[in-house]
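Chain by chain, the residues run as shown.
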Amino acid sequence: MGDMKFKANMNYLLSEGGIGIILVLLFLIFAVTTPHFASFQNISNIFTQISINTIISVGMTFVILLGGIDLSVGSLLALCSVAAGMVMSNGELSPGFSIFSAVFLSIVIGMFFGLANGAISEKWKIHSFIVTLGMLNITRGMALQVSNSRTFFDFPAGFNSFGNINIVGLPIIFVIALLLVILGQVVLTRTVFGRMLIAIGNNEESVRLSGHNTALYKVLAFVICGASVGIAAIMYMLRLNIASPILGVGFELNAIAAVVIGGTSMNGGKGSLLGTFLGACIMGVLNNGLLLIGLGDFARQIVTGLIIILAVILDRYRNSFSARLREA
C-alpha cells in the first residue's frame, strides 16, 4: 500500500504538481526582476491574455488525449468571428437577437468543422495532422472570402459592455474560461465519455475489441474542439470588439504548447484539463514577463517554439519514468 501511494505521489509531482511549482517559480522570478509585474493590474492583464488560449486549449486537450492534433483552430477562430461579426453588424436585426444569433452561429460553425475534421480523419484513416492542415487553409480562405477581407467592429453596445464586466476583480472572459476548464475536467474524470477517451488514447485496439465504437468517440472529441473554438471566437470579440479574417494566426501553436506543457502526452492516453490550464498560465506569465523585460515579438516567438520542443522532450522523459515506476 505504501509503495502504491509513493508511486501515485511521484506521478502527481511529474504532472500537475510539478507544473504548478514551475508556474510559481516563474512568477516569483519575474516579480523580483521586473517592476510592476506583480501588480494587481498586470495580473488582471495576464488573466485576460490567457483566456482565449485557455478556451482553445480545452478543446485541444480532448483531441491530443487521443493522440491526434488540430492545426485548424486559429483559422477556424477567424471564420467563426467573421460570421458572428457579420450577424451583429447587421443593422436590421434587434441587438438581443443579433447577439444570440451570433453566439449560436459561431459555436455551430466551430462544431461543424470539428465534425468534418474528425469524420474525414476516421472515414479515410488519415492522420488528423494532414486533415486539419488542409482545413486550416480552407477555413482561412472562407473567412477572407465571406468577409471580403473586411474587419467588423460595429457590435451592439450590450455585447461590448458585457466584455468589460469584472467578477470579484476577475475579467468575465477569464471566468468563462475557468468554468470551461472545470466543466472539461469533470467530463474527463467523472463521465464514461471522458474515461473512454483516455482508454482509447492508451490502447484503441483493446477498446474496439471490447465492443465500443472508437470512431464515434474520436469524432466527438474533434466536435468538442470545434465548439471550444466557436466560444473562443466570441470571447476574442468581447475582448477587442472586432472580428477579422486575419485573426488567430499562430493560435494553434499556443494551444498545443499549453496542452503539452500541461502534461498531456502527445501519444495520447494521459493528461488533464487542470494541467492544461496551468500550461496556459505558464505561457501567459512567460509572454507577459518577457514583454515587460523588453523582449520583442520575434524573440518571444523563438522562445515559444523552444518551449514547445522542450515540453515534448520533457514528456518523453516523464513517460519513461512513469513506465519504470509502474514496472517497479
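Before reading further, recall that the structure is shown in the block above.
Residues numbered from 1 in each chain as written. Predicted model: local features only at pLDDT ≥ 70, side-chain atom pairs only at ≥ 80, totals over all residues. Heavy atoms only, no water.

Student: Where do I start with helix α10 (residues 214-240) in this structure?
Tutor: Between its terminal C-alpha atoms α10 stretches 40 Å, which fits the 39 Å expected from 27 residues at 1.5 Å a residue. Among the 27 residues that make up α10, 20 are buried, leaving the element largely enclosed by the rest of the structure. Trailing α10 by a residue or two, Asn241 shows a phi angle of about 60°, which is positive. (Helix = DSSP H or I, 4+ residues; strand = E, 2+ residues; numbered from the N terminus. Expected span 1.5 Å × (residues − 1). Buried < 20%, exposed > 50% of the residue type's maximum accessible area, 1.4 Å probe, protein only.)

Student: Honestly, the pattern of salt bridges in this entry has me stumped. Any pointers?
Tutor: Once their charged atoms are close, side chains differing in charge can pair, the charge on each being opposite to the other. Taken as a whole, this structure holds five salt bridges when the rule is applied. Linking Glu204 and Lys218 is a salt bridge whose minimum nitrogen-to-oxygen distance equals 3.2 Å. Taken as a pair, Glu204 in helix α9 (residues 192-209) and Lys218 in helix α10 lie far apart in primary sequence, 14 residues in all. The exposure class of Glu204 is partly exposed, given its relative accessible area of 29%. (Salt bridge = Lys/Arg side-chain N within 4 Å of Asp/Glu carboxyl O.)

Student: Whenever I open this one, a nonpolar patch on the surface confuses me. Can you help?
Tutor: On the surface, Ile302, Leu306, Ile309, Leu310, Ile313 and Tyr317 cluster together into a nonpolar patch covering about 660 Å² of accessible area. Assignment of secondary structure puts Ile302 in helix α13 (residues 297-327). (Patch = residues over 30% accessible without salt bridge, like charges linked within 9 Å, V, L, I, M, F, W, Y side chains within 5 Å. Areas by Shrake-Rupley, 256 points an atom, 1.4 Å probe, with all protein chains shown as cover.)

Student: Looking at this structure, I do not really get the packing of aromatic side chains. What am I missing?
Tutor: Both the distance between ring centres and the angle between the ring planes are used here to describe each pair of aromatic rings. The full count for this structure, using the stated rule, is nine aromatic pairs. Centre to centre, the rings of Phe100 and Phe104 are 6.4 Å apart; their planes meet at 10°, and the pair counts as stacked. Separated by four residues within a single helix, Phe100 and Phe104 lie in helix α5 (residues 95-123), roughly one turn from each other. Accessibility classification places Phe100 together with Phe104 in one group, the exposed group. Here the aromatic rings of Phe174 and Phe277 are separated by 6.2 Å at their centres, their planes lie at 45°, and the arrangement is tilted. A residue pair is termed long-range when its members are at least 10 positions apart, and Phe174 in helix α8 (residues 172-190) and Phe277 in helix α12 (residues 273-293) qualify at 103 residues. Note on accessibility: Phe174 and Phe277 belong to one class, buried. (Phe/Tyr/Trp six-rings, centres within 6.5 Å; stacked < 30°, edge-to-face > 60°.)

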